[in-house]
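Secondary and tertiary structure notes
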Amino acid sequence: MMPDITQHGTAETKEWEPVANTPVILFDRVSKTYGRISALGGVSLGISGGVTGILGMNGAGKSTMFKLMMGKIKPSSGAIRLFGTDPWKNPAPYSRIGFVPEHEKLYDWMTALDFVTTFARLHGMTRDEATKEAERVLSFVSLDEVMHKRIGQFSKGMRQRVKIAHALVNDPELIILDEPLQGCDPLARTTIMNVIKELGAMGRTVLVSSHILHEIERITEQIVILHRGRVLALGNSHAIREMLDQHPHKILLDCEKPRELAKSIIDIDEVTGMSFSNPEKLLIETKHLGEVHQKLPQLIIDSGEKVTGIDNPDDDLQSILLYLTGGSI
Amino acid sequence: MVRDLVIESTALTKAYGPHVALDSLDIKIEQGSTGLLGPNGAGKSTFLKTILGLIQLTSGEGKVLGYDIRTQGDQIRQRIGYMPEYDALNPGMEAIHQVRYSGELIGMNPNIALQRAHQALEYVGLGEQRYRQVSTFSTGMKQATKLACALIHDPQLIIADEPSNGLDAQARNFMLTTLDTTVKQGQRSVLMASHLMDDVERVCDNIVLLHKGKLAAQGKIEDLKAIDREVEIHVWGSASKMEETLSDRGMKVRREGRVMRIGHTGEETYNQILEAAADVGTQVRRMHDHEASLEDLFLVIMERLGHDVKSSDDLLRDIV
Amino acid sequence: MTDEESLETPFDPVVSKEESFGAETPVTGKTKMQAAWSADSDDSNSTAQVASMSQGQIFQQIYQPWEGTLNPRWMRNWAILRHHVLGIFRKGHRPWNIPTKLFIFFVIIASMTDVALALLFGMIGEASLYDIWGVNRDNMYGHVMGFFPRNILYYPIVAALLVGGMISEDRAHGTSAMYFSRPINRFDYASMKFLSVALILFFIIDGTLALYYFADILVMGKGWAWIIDTFPMFIATFLCGIILSFTYTAIGLSLSSISRGRFFPAIGLVAILMGTRAMASIIDALFDKSVLYVISPYDAVAHVCQALIGTEMTYDHPWVWSLISVIVINGLAIYLLANRVSSLEVTRE
């Protein structure tokens, strides 16, 4: 279900190459200051298609970015384009966007179906169309069994899904979700993640913002990292990791006889270090991850040693963020 | 070494007129932690009621802790603790007295019951709150109180029905830890009915899966996972070619973007993968045995039972 | 995390402090040695100890087993009884609500008006008034079966308040699971609930009756002859109190078992008692036939008590019919109760 993005995010690309002619969202050297405070500084990015994770702690600039995107505030400098038009004071793109905010009061006394139908009607549909559309989206988020129950009786996970459903009415091209998994039980979490991935696979542009890194990891590899109002990195998370060569890359191999295997690995020029802290694992360090991985399969076969596992221990978002921010999150 | 069976049944059947709620179940539940799973209407609650001795069987035999369900219900209920899914506490009583009363109801002396009530509430993490009225408790605290009521007489078997129902992440975590401690440290058996796979996977070693009153699967989670072992790899570059090559070599491959799952056919599977990678010139960035989650397991089981399920969500609804 | 090239370090780089000695300074070996304290000669190995961080666990989850023995059935039943009865006046048992407790207290006091007045007039020596209020056949009958205010207000309403949530609360709170997942069978459950209500009513009615009787004996110093004379009456009245308690409990509890709320049984009980009586008295007034009084639980019991105690019969029909009626009413009520309790749902789907 993840789009095959093997070919993107090579070491040379610094900016996001738009896939189609116009990216759905385009930021061109955008800054936003409130008096002395710089909420966003010189942000340039283009997002189009698939699921993109927007990462950053509170205060990193996520909410400012969303507000700018939705045209709720104006940039201090730079240009923003949403579906090719300036969103500031321009409600035109709204019908193509579904926004799921972090905090939203739902009408507890209504049934899920009523709630979504009401919002559908705001899009200008007739009652019948609206009900059908509401049923469609509610079943997309797996709430068809309980759509006739009152929202007040719903668990947190179910409420989140109602929020997502009502944003999906009228089949928007761009869906923005702000912390969608907060407080959800495991079942709801899996359902919501699947919904997001499916939307991406269907070709929609989905933005998911969260500060819970391992959840984003399970949803998408395309990320934008915001930190103190600047974009620290964007693109494929693994490609980002590869670019951080001041931190040596690590490859962890599970094998029976690590020291025997090491005798073969040491011949690879790009390997800068090896360690054996675990009797059944061999840790390789290198500044050229790609090159080593390219040579590794043949080398392992030639050595005759049995390898049952390969891993990149610090190729997760947590480590990437740590390296990028120098630990000062 | 055959472990003692805490629950066993032979051809256990319960019919309500023409509707067969439990259909000839041959169940063997060992000592330890077992998850009772199944969609709504599968017969989980009916099964629990028969175990508790609250409803009559239509036919078949059943034993709990060695005692016959039909004739020795009292002995059974002296040795098991039940934690129901729904509210089962008097809101106007303080927790300590509620738990003490539940101990007296099983036959404990009032002062011993009081002592044990303190211990039980301490154990479930309500040591500070035990003098408060149950009506002031959050859902998590109520669940913990129910567990304390079930544990007060140190039963050999605890039956917990959806123990993490309505709990937030922290409370859920603590509840599962408590159940786990009871099994591992206390050496007691727990039968946990739940629809949350994660919970069952965390606490239980064995599962019993019911579907439409029939037994769909039974056994150790470990053994059941062995049904479908796979190796998961993440590649970088030439993913589709890699998939092709692997299938050409006769391996079962599933692919999603850069992630592939290859059917485990023995120890040489890993080498085969690496050889294919060397051939194609692709980088294998990650390779490890895929730990099938309980969810995956069920999808496989249900497929084998001939039902078209897309996700375990479907599993938990009525399957036509 | 290896970070050789950290951009920001919070510490200033260490500058080596080299003592510079001028070339002219003689090397006398007298410059101060700046060695750290306890930098003794290398002969013995310097040792150190690092305190292992104590976990500092405030909460430790340790499972504690229990090896005790469990008491038999009667002890479990006793626990149920205690729970319901003691809850009226002690904490830690079934929580009765404040209005109920207050009303019971009020009824106990109010029931003892005859005691108070008898003793009052007896002690101050008002013979005629004492005769009106003192212990005698009619007054004892009146203590238990007097219609106004006892059986129109006090006893039925107490009974109503007592049975109010008795069984329905277990269904509402889900606590029936607590009973039936333990070795308590439904018969014991229903009997103990029944007994607890009946006992409370019994204490109110017969307790105050006994107080009335014995207070009169003790305070007024009645002799043995009087006691022997009146004791059979007392026993008969005592028995009537039991029949009355039993009947009100039976009707009230059976109503509690068919409803989910607290108010229906209470209102239902009072309605049945008053309604049947009202209807029978209308028929009596219109057609001068007292036989319909057999459908009124109060009147049926009253008639039987009149026969037992030996006071004046206020009904025309034979008292055996009333006796049969009492048995039938109680039988029906208990049958309904048993039926409902046996089908009480314990686990919900």
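Please refer to the structure placed before this passage.
So, a few notes on the structure that sits alongside this text.

What counts, and where the lines are drawn
- Residues numbered from 1 in each chain as written.
- Chains lettered and ligands numbered in written order.
- Predicted model: local features only at pLDDT ≥ 70, side-chain atom pairs only at ≥ 80, totals over all residues.
- Heavy atoms only, no water.
- Helix = DSSP H or I, 4+ residues; strand = E, 2+ residues; numbered from the N terminus.
- Buried < 20%, exposed > 50% of the residue type's maximum accessible area, 1.4 Å probe, protein only.
- Contact = heavy atoms within 4.5 Å.
- Areas by Shrake-Rupley, 256 points an atom, 1.4 Å probe, with all protein chains shown as cover.
- Phe/Tyr/Trp six-rings, centres within 6.5 Å; stacked < 30°, edge-to-face > 60°.
- Lys NZ or Arg CZ within 6 Å of the ring centre and 35° of its normal.
- Pairing = 2+ DSSP bridges.
- Axes fitted to C-alpha atoms, helices over the stretch in contact; angles between N-to-C directions.
- Buried area = accessible area lost by both parts, 1.4 Å probe.
- Salt bridge = Lys/Arg side-chain N within 4 Å of Asp/Glu carboxyl O.
- Polar contact = N/O pair within 3.5 Å; in protein donor to acceptor, adjacent residues only side chain to side chain.
- Nonpolar A, V, L, I, M, F, W, Y, C, P; charged D, E, K, R; others polar.

1. Structural notes on the overall build of chain C
A count of helices and strands for chain C gives 13 helices and zero strands. Along chain C, from the amino end to the carboxyl end, the secondary structure elements read α-α-α-α-α-α-α-α-α-α-α-α-α. Taking all 349 residues of chain C together, the buried fraction comes to 44%. Intrachain contacts of chain C at a sequence separation of at least 6 include 72% that bridge at least 24 residues. For chain C, the exposed surface amounts to about 20,100 Å²; the carbon and sulfur share of it is 65%.

2. So, the packing of aromatic side chains
Going through the model one piece at a time under the given rule, you end up with 22 aromatic pairs over all chains. Relative to C:Phe231, the ring of C:Tyr213 has its centre 6.3 Å away and its plane inclined at 50 degrees; by these criteria the two rings are tilted. In this pair, C:Tyr213 sits in helix H9 (residues 186–220) while C:Phe231 sits in helix H10 (residues 224–258), placing the two residues 18 residues apart along the sequence. Taking the centre distance of 4.4 Å and the plane angle of 10 degrees together, the rings of C:Tyr213 and C:Phe234 count as stacked. With C:Tyr213 in helix H9 and C:Phe234 in helix H10, this pair connects stretches of sequence that are 21 residues apart. Each member of the pair, C:Tyr213 together with C:Phe234, is buried. A network of ring pairs unites the aromatic residues C:Phe202, C:Phe203, C:Tyr213, C:Phe214, C:Trp226, C:Phe231, C:Phe234 and C:Phe238 as a single cluster. Positioned above the aromatic ring of A:Tyr34, the side-chain terminus of A:Lys32 is 5.2 Å from the ring centre. Residue placement shows A:Arg259 over the ring face of A:Phe276; its charged tip is 4.6 Å from the ring centre.

3. A few points about the sheet that holds strand E6 (residues 174–178) of chain A
All names here are of chain A. Reading across the sheet, the six strands line up as E5-E6-E7-E3-E8-E9 and stay open at both edges, with mixed pairing between neighbours. Looking at the sheet topology across the chains shown, the edges are occupied by strand E5 (97–100) and strand E9 (230–236). Across the sheet, the mean angle from the axis of one strand to that of its neighbour is 15 degrees, orientation sign disregarded. Docked against the sheet, helix H4 (residues 156–167) engages E5 and E6, running at close to 160 degrees with respect to E5. Along the sheet, helix H10 (residues 317–325) makes contact with strand E3 (50–55), strand E8 (222–227) and E9, crossing E8 at roughly 40 degrees.

4. Here we look at the sheet that holds strand E4 (residues 77–82) of chain A
All names here are of chain A. With respect to topology, three strands assemble into an open sheet ordered E2-E1-E4, the strand pairing being antiparallel. Across the chains shown, the open sheet's two edge strands, defined by having one partner strand only, are strand E2 (37–47) and E4. Taking the axes of each pair of neighbouring strands and ignoring which way they run, one obtains an average angle of 20 degrees across the sheet. Here five bridges tie strand E1 (residues 25–34) to E4, and the two strands are oriented antiparallel to one another. Considered in E4, the bridge of Asp-28 is made with Ala-79. Against the sheet, helix H1 (residues 62–69) makes contact with E1, E2 and E4, and its axis sits at roughly 120 degrees relative to E1, the strand it touches most.

5. Observations concerning the interface of chain B and chain A
Each partner contributes to the interface: chain B provides 30 residues, whereas chain A provides 33 residues. Between chain B and chain A the total buried area reaches about 2,900 Å² when both faces are included, carbon and sulfur atoms providing 52% of it. A per-residue breakdown of the area chain B buries against chain A is headed by B:Arg258, B:Arg285 and B:Arg286, which together make up 22% of the total. In this structure, the connection of chain B to chain A is made through three salt bridges. With a shortest N-O distance of 2.6 Å, A:Lys306 and B:Glu267 are connected by a salt bridge. Our count for the contact surface shared by chain B and chain A stands at ten residue pairs in polar contact (both at pLDDT 80 or more). Of all the elements in the fold, those that place two or more residues in the side of chain B that touches chain A are strand E13 (253–256), helix H10 (269–280) and strand E15 (283–290) of chain B. Along the lines of polarity and charge, the residues of the side of chain B that touches chain A split into ten nonpolar, eight polar and twelve charged.

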